[in-house]
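Architecture at a glance
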Amino acid sequence: EPEVTQTPSHQVTQMGQEVILRCVPISNHLYFYWYRQILGQKVEFLVSFYNNEISEKSEIFDDQFSVERPDGSNFTLKIRSTKLEDSAMYFCASSVRRNTEAFFGQGTRLTVV
Amino acid sequence: DAKTTQPTSMDCAEGRAANLPCNHSTISGNEYVYWYRQIHSQGPQYIIHGLKNNETNEMASLIITEDRKSSTLILPHATLRDTAVYYCIAVISNFGNEKLTFGTGTRLTIIP
């Protein structure tokens, strides 16, 4: 069964460092998303991406965040200068089109120290 | 997106049908009702979605009331692996608004 793959599963970084979280969406999907979940809190939408551009972003997704689809398979989330409060589980998701099910990866646990 | 209201927690005996309610009294005509679940901090998993009609797939059934103000997710024969947090989400079907707004959901515990 096709699945969304995220790497690494766990990343520890120092405050102020840049991190790149990587995702391989399902191959025929056209919509891509990042969500995050701070420990014990709700899953929060960060950004959606379609046709090589951001289609929607939340207030959380400020100038410190960027997304890219550098080739036909990877979808990345970059955090330029990490803060302690960026510590969370980051989930990538993809869907074949609008208003269909989104498939989520297993997440990357980011710990900023 | 319309606000949805779900009970905080529910228990269900293994092998029984689990019925999870959701209220969405302010839902508009172009909003779908989606159900996802999250098993112990894993990535959310899609279960089912619908607009007006009842829907069924291999995982569950979704019953939407005629006035669309509420719905019920039915897991017909609950197993221990169905223990999870279940989210009912209303999603408007406009271009550029594909996001899922997760609430706190219902924590379903299947009891042996």
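Relevant structure appears above.
Quick look at the structure, then. (Residues numbered from 1 in each chain as written. Chains lettered and ligands numbered in written order. Predicted model: local features only at pLDDT ≥ 70, side-chain atom pairs only at ≥ 80, totals over all residues. Heavy atoms only, no water.)

Overview of the overall build of chain B
Rules: Runs of H or I in DSSP of at least four residues are treated as helices and runs of E of at least two as strands, each being numbered from the N terminus. Note on exposure labels: buried denotes an accessible area under 20% of the residue type's maximum, exposed denotes more than 50%, and partly exposed covers the range between, all computed with a 1.4 Å probe on protein chains only. A contact between two residues is defined here by any heavy atoms of the two lying within 4.5 Å. Each accessible area is a Shrake-Rupley result for a 1.4 Å probe, and residues are judged covered by the shown protein chains and nothing else. Positive charges come from Lys and Arg alone, negative charges from Asp and Glu alone, with His and the N- and C-terminal ends not counted. For this purpose, a charge sits on NZ of Lys, CZ of Arg, CG of Asp or CD of Glu.
Across its full length, chain B holds zero helices and nine strands. Secondary structure elements of chain B occur, N-terminal to C-terminal, as β-β-β-β-β-β-β-β-β. Structurally, chain B occupies a C-alpha span of about 40 × 30 × 25 Å along its principal axes. Relative to its full complement of 112 residues, chain B shows a buried share of 46%. Counted over contacts in chain B with a minimum sequence separation of 6, partners at least 24 positions apart contribute 57%. Carbon and sulfur atoms make up 49% of the accessible area of chain B, which amounts to about 5,600 Å² in all. Separation of charge centres in chain B, based on 9 positive and 10 negative side chains, amounts to 4 Å.

A few points about the packing of aromatic side chains
Formally: Stacked, tilted and edge-to-face are the three classes applied to pairs of Phe, Tyr and Trp rings, where Trp contributes its six-membered ring and a pair requires centres within 6.5 Å; stacked means planes under 30 degrees apart, edge-to-face means over 60, and tilted covers the rest.
Here the structure, examined in full by the defined rule, presents 17 aromatic pairs over all chains. Arranged with centres 6.0 Å apart and planes meeting at 80°, the rings of phenylalanine 104 of chain A and tyrosine 36 of chain B form a pair that is edge-to-face. One end of the pair, phenylalanine 104 of chain A, is in strand β10 (residues 103-104); the other, tyrosine 36 of chain B, is in strand β3 (residues 31-38), on a second chain. The pair formed by phenylalanine 104 of chain A and tyrosine 36 of chain B is uniform in burial state, with each residue classed as buried. Ring geometry for tyrosine 34 of chain B against tyrosine 36 of chain B: centres 6.3 Å apart, planes inclined by 15°, an arrangement best described as stacked. Take tyrosine 36 of chain B: its relative accessible area is 0%, and that puts it in the buried class. Put simply, the rings of Tyr33, Tyr35, Phe45 and Phe104 of chain A together with Tyr32, Tyr34, Tyr36, Tyr46, Tyr87 and Phe102 of chain B pair up and form one aromatic cluster.

Here's the deal with the interface of chain B and chain A
This is how the line gets drawn: Defined here as a combined quantity, buried area equals the accessible surface (1.4 Å probe) lost by two parts on assembly, summed across both. Any Lys or Arg side-chain nitrogen found within 4 Å of a carboxyl oxygen on Asp or Glu counts as a salt bridge. Distance and chemistry together define a polar contact, namely a pair of N or O atoms within 3.5 Å, with one atom able to donate a hydrogen and the other to accept it when in protein, and with adjacent residues in sequence counting only for side-chain atoms on both sides. All amino acids are sorted into three groups, where Ala, Val, Leu, Ile, Met, Phe, Trp, Tyr, Cys and Pro are nonpolar, Asp, Glu, Lys and Arg are charged, and the leftover types, Gly among them, are polar.
Contact with chain B, which involves 24 residues of that partner, is made by 21 residues of chain A. For the pairing of chain B and chain A, the buried interface totals around 1,900 Å² over both sides, and the portion due to carbon and sulfur atoms is 54%. Our count for the contact surface shared by chain B and chain A stands at one salt bridge. The shortest N-O distance in the salt bridge between glutamate 56 of chain A and lysine 99 of chain B comes to 3.4 Å. The tally of links from chain B across to chain A stands at four residue pairs in polar contact (both at pLDDT 80 or more). Considering each element in turn, the side of chain B that touches chain A owes the most residues, four residues, to β3 of chain B. Of the residues belonging to the side of chain B that touches chain A, the class tally is eleven nonpolar, eleven polar and two charged.

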